[in-house]
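This is what each chain is made of:
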Amino acid sequence: MERFEDYIKLHHLKALMRKFGCHQPTDEMPEDGTFSPGRIIKREPGNVTLGEFKSMLESLGIDTTEWDTQMELLFAKVDTSADGMVDWNEFCTYMLLHYRENDKEIQKNSIAFVTEPTITHVPQIKVCGGMVC
């Protein structure tokens, strides 16, 4: 099964960057005590909750019901500040690390030679007094 992180392509990232950039907070707040008990959470432009994140993805044509569990796991991984919200820097940093890890796996599993190498005998050239003999 494909991971949600692998499903997101460059055009999705570009559109999400624009959406994070023009995001205005709603009245939605993370559930109290779920992410950061006892901590005062301040809503700022660009900090999105899980619900807002799903709405952003839905507006890009991504079926969030298909990816619901994986999106929640992704959101939890990306939320490094543990405030129940994600900003563009957190999301982008996670995705960059994910893509680097995938590149390492691909390079590690790639085959150096597609076909078996062929050994060809090349006669040695002799040089006599600065000229080819």
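This is a predicted model, so every value here is computed, not measured.

Enquirer: I would appreciate a short explanation of the packing of helix 2 (residues 10-21) against helix 3 (residues 50-59) in the present structure.
Expert: A pair of packed helices is characterised by two quantities: the angle between their axes and the separation of those axes. Relative orientation of the contacting elements helix 2 and helix 3 amounts to 135°, with a least axis distance of 10 Å. Of the possible angle classes, the one that applies to helix 2 and helix 3 is oblique. Handedness of the crossing formed by helix 2 with helix 3: right-handed. Here Leu 16, Lys 19 and Phe 20 of helix 2 lie close against helix 3, whose contacting residues are Phe 53, Met 56, Leu 57 and Ser 59. For the contact of helix 2 with helix 3, the per-class residue count stands at 5 nonpolar, 1 polar and 1 charged.

Enquirer: Sorry, what's going on with the confidence of the model for the protein here?
Expert: Interpretation of the predicted coordinates at a detailed level should be avoided for regions scoring low in pLDDT. Scored by pLDDT, the protein has a mean of 79; 80% of the residues are at 70 or more. Taken element by element, the predicted model of the protein shows its lowest mean pLDDT in strand 2 (residues 131-132) (70) and its highest in helix 2 (90).

Enquirer: I tried to follow the UniProt feature "domain: EF-hand" (unreviewed entry) in the protein on my own but got confused; where do I start?
Expert: As recorded in UniProt, the feature "domain: EF-hand" (unreviewed entry) lies at residues 66-101. Across residues 66-101, the secondary structure splits into 69% helix and 0% strand, with the terminal C-alpha atoms separated by 24 Å.

Conventions and cut-offs
- Residues numbered from 1 in each chain as written.
- Predicted model: local features only at pLDDT ≥ 70, side-chain atom pairs only at ≥ 80, totals over all residues.
- Heavy atoms only, no water.
- Axes fitted to C-alpha atoms, helices over the stretch in contact; angles between N-to-C directions.
- Helix = DSSP H or I, 4+ residues; strand = E, 2+ residues; numbered from the N terminus.
- Parallel < 35°, antiparallel > 145°, perpendicular 65-115°, else oblique.
- Left-handed = near helix turned anticlockwise from the far one by under 90°.
- Contact = heavy atoms within 4.5 Å.
- Nonpolar A, V, L, I, M, F, W, Y, C, P; charged D, E, K, R; others polar.
- pLDDT = per-residue confidence, 0-100.
- UniProt positions renumbered as here; feature names shortened; annotations may be inferred.

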